[in-house]
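# A closer look at the structure
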Amino acid sequence: MDKAMGVEKRDPLGFPQWSPVRRRFGPDAPFFASGNMERELLAKQVALDIIEDEKQQLENMEDVEDREIFCPIVGCGAHLNSLDGFEDHYNARHTASCSVCSRVYPTARLLGIHVSEVHDSFFQAKVARGFAMYECLVEGCGIKLKSYKSRQQHLIDKHKFPVSFEFFKKTHASKKQRQKNQRKLSVHKTEEASSAMQVEEETIDGLVSAVSKLSTSDNSPSSISFGRRHTRGFTFVPRALQRARGPDSSPAGAKR
Amino acid sequence: MADENLPSHRRDSIKSSVGNVAAHRRRQHAVTVGKERREALVRTKRLCRVGVSGDAVFSLDNDMMIDEEQSVLEVQTISAVEELKITISYQGKGAVLKRVTALRELRRLLSRSEFPPVEAALKAGAIPLLVQCLSFGSPDEQLLEAAWCLTNIAAGKPEETKALLPALPLLVAHLGEKSSLPVAEQCAWALGNVAGEGKELREILLSQGALPPLARMMLPNKGSTVRTAAWALSNLIKGPDPRAATELIKCDGVLDAIIRHLKKADEDLATEVAWIVVYLSALSNVATSMLVESNLLQLLVERLASSNSLQLLIPVLRSLGNLVAGDAHTMNFLVAGHGTKDNFIAALIKCLKSEHRVLKKEAAWVLSNIAAGSIEHKQLIYSSEAVPVLLRLLSTAPFDIRKEVAYVLGNLCVAPSEGTGRPNLILEHLVSLVGRGCLSGFVDLVRSADTEAARLGLQFMELVLRGMPNNDGPKLVEIEDGIDAMERFQFHENEDLRNMANELVDKYFGVDYGIDE
């Protein structure tokens, strides 16, 4: 018999909200497998002297064999011994973190790409001069594009990435970061306000030099804002991306 | 082995290599035996090692046989089959005794170890001989021994079970009411093994009319025959074709017998009957309505509450679970009916507290279905002792149990959707459960590699983010490292989960997050 599937209610954003439904399983469903096994083990217990240890082993074996678990991170596919093993595997292999902005990436390669694109003024300089610097994120592809947006499009067109995918996500900063920024901000408020204004009016070359002032040696995220508000935990958005959004697009700080 | 003309050092090296080979073979054999043992233990077929009348008592041998013993057994089997062949053609004085003796010898060989020499027996041509021994009018002892041999031949690998095909019509025939009870029981056992093999054999048995006589054997109040017949029936009706289940419940006296046994029988018999109810409730709507209309539900709840036998609790719990899952009316009865409601929830809580994994998991499943019902159902669970137990399980139990518990808790927080309206939050429940620390358990599920669990976790997080008063949701989620857990999905291969996680992060943790701190 089939699972009783209720229709999930999607809110305007499309999120499938929790909807209570009764779940029914057929007698052969994997859900019942351990109970079935227990039945047979108990029935044979006396006749075949099954000791507790062996029973435990059998039960554990069944759980593992029926679940072929592979790491779900794109491009990994590592075989996991158990669901518990996933956490260890994830921490060992998928937590490359950026020392500048604390963003975390699932591979060293993606981290490297992030650092170049976001924290490297040299990278931005080359972009400004028209070099194709934005690498395709899929390992082995090798294609480079001239802008963040065109790389995005390439991922969607060639590699079936979802339209909503964003390599560089505008993200919050952690609570600690925000508190740090808050302190910095209150001290340098006026200074930064004026430099923000300045940067906005500058040309590309000016942008490049401003960016190089930020420099990757600074261990806290920039609190300069390109928009009208001072957003805490602000994240760097390349001017190229802003431009690509069109003149009517809101400043970096606004929500989508 | 070692050539005597070789110098001694050469001899030694050959000797040691032979020794290594033998040791290696033993190790390989041990691995094979280990695997086979596991399969044998888990199969739905049962070896008959002690006679149904209980009189043949002999020592059960050590199951770990090494190569040499196994081949000796095989040789003995082949000669036993040969001997049987001779006794069958023999028509003279004492023929029956000779035949029965030969059968008995073969039966002993087939009953000794966990892996009887079935292949050898089949190769030697045992089946046609055994079929002949089953012919009508044969003496009971002969029928009994032949059926016993067939039972154990059928208890092993699929090809071996299928070899019984020629014998099936006769085995079914000897289930008749004119047969002696031990004979009928042994035939039922053999047929139970055949039915346990797979749906093709089940179909064949059903079309040969195996169901009605087995059903009749279940009607008396007690006896080992009743129990064996019930077990064989459970194998016969387990589907996936639901027709057998429907046919069974319609047989005269069956419903009454099921109720009688669940009420009065000892735990062993009640266990097998409960398994029949499991399949009836899972497969046949006709059966389900008939069962629900009788007072079966009450009996099941009583058994669930009073028994301490894991064997019995599993099928009883599952029957109730199937009934609750399948039928809203049933659920209403169980949960609102006089007397049953409190007992039922209490019995489920007892299962949650049990040390047995299966009971915990399936009890949580049943509760999740009840929690998917009306507001009253949710309140019944919410106000019971179940919640503290569930919260504890959410943090400490193995994964599969945690997942079911998650369903219960989430279902408690969301009201039933009226028509096409959006399901509303039950704020009181959500706030209380989150206040008692359940959020971290859900975040753990988000981190797991299991898609269904991650989805559940994300959906619960959405409830918290959306519904917690004073916009506390995002802060609470952040404290539990929920943001980190969601950001993992950026490079997850499942698009659905990626989108869900991204939506939540964008909506609740956008760049403006934390501004008004």
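This one's a predicted model, so the numbers in the text were calculated from it and none came from an experiment.

## Examining the overall build of chain A
Across its full length, chain A carries 9 helices and 6 strands. Going through the 256 residues of chain A one by one, you find that 46% of them count as buried. Partitioning the intrachain contacts of chain A with sequence separation of at least 6 by distance along the chain shows that 34% fall at a separation of at least 24. With an accessible surface of roughly 13,900 Å², chain A has 53% of that area assigned to carbon and sulfur atoms.

## Some thoughts on the pattern of salt bridges
Applying the stated criterion to the full structure yields 25 salt bridges over all chains. Here A:Arg151 and A:Glu117 are joined by a salt bridge, their closest N and O atoms 2.8 Å apart. Note that A:Arg151 is positioned in helix α6 (residues 148-159) and A:Glu117 in helix α4 (residues 108-119), a separation of 34 residues in sequence. Here A:Glu117 falls in the buried class, since its relative accessible area comes to 4%. We note a salt bridge from B:Asp400 to B:Lys361, for which the minimum N-O separation is 4.0 Å. One end of the pair, B:Asp400, is in helix α24 (residues 399-413); the other, B:Lys361, is in helix α21 (residues 357-370), and 39 residues separate them in sequence. There is no split in this pair, since B:Asp400 and B:Lys361 are both buried.

## Points about the confidence of the model for chain B
All names here are of chain B. Chain-level statistics for chain B give a pLDDT mean of 88 and a share of 87% at 70 or above. The model gives residues 1-15 a pLDDT under 50, and that stretch makes 7 contacts with residues more than four places away or in other chains. With pLDDT under 50 throughout, residues 56-65 is counted as low confidence; its partners more than four residues away or in other chains account for 22 contacts. Two summary scores accompany this predicted model of the complex, namely pTM at 0.77 and ipTM at 0.86.

## Some points on the environment of B:Trp275
Position of B:Trp275 among the secondary structure elements: in helix α15 (residues 267-283). Taking relative accessible area as the criterion, B:Trp275 reaches 1% and is therefore assigned buried. Sequence separation between B:Trp275 and B:Leu233 is 42 residues; the distance between their C-alpha atoms is 9.3 Å. Setting aside anything within four residues of it in sequence, one finds B:Trp275 in contact with A:Gly35, A:Asn36, A:Arg39, B:Ser234, B:Gln311, B:Ile314, B:Pro315 and B:Arg318.

## Re the packing of aromatic side chains
Two numbers describe a pair of aromatic rings. These are the distance of the centres and the angle of the planes. All names here are of chain B. Per the stated rule, a full pass over the model turns up 14 aromatic pairs over all chains. A ring pair is formed by Trp-275 and Tyr-279, whose centres lie 6.3 Å apart and whose planes are at 35°; its orientation type is tilted. Note that Trp-275 and Tyr-279 are positioned in helix α15 at a spacing of 4 residues, about one turn of the helix. Taking relative accessible area as the criterion, Tyr-279 reaches 5% and is therefore assigned buried.

Rules used in this analysis
- Residues numbered from 1 in each chain as written.
- Chains lettered and ligands numbered in written order.
- Predicted model: local features only at pLDDT ≥ 70, side-chain atom pairs only at ≥ 80, totals over all residues.
- Heavy atoms only, no water.
- Helix = DSSP H or I, 4+ residues; strand = E, 2+ residues; numbered from the N terminus.
- Buried < 20%, exposed > 50% of the residue type's maximum accessible area, 1.4 Å probe, protein only.
- Contact = heavy atoms within 4.5 Å.
- Areas by Shrake-Rupley, 256 points an atom, 1.4 Å probe, with all protein chains shown as cover.
- Salt bridge = Lys/Arg side-chain N within 4 Å of Asp/Glu carboxyl O.
- pLDDT = per-residue confidence, 0-100.
- Phe/Tyr/Trp six-rings, centres within 6.5 Å; stacked < 30°, edge-to-face > 60°.

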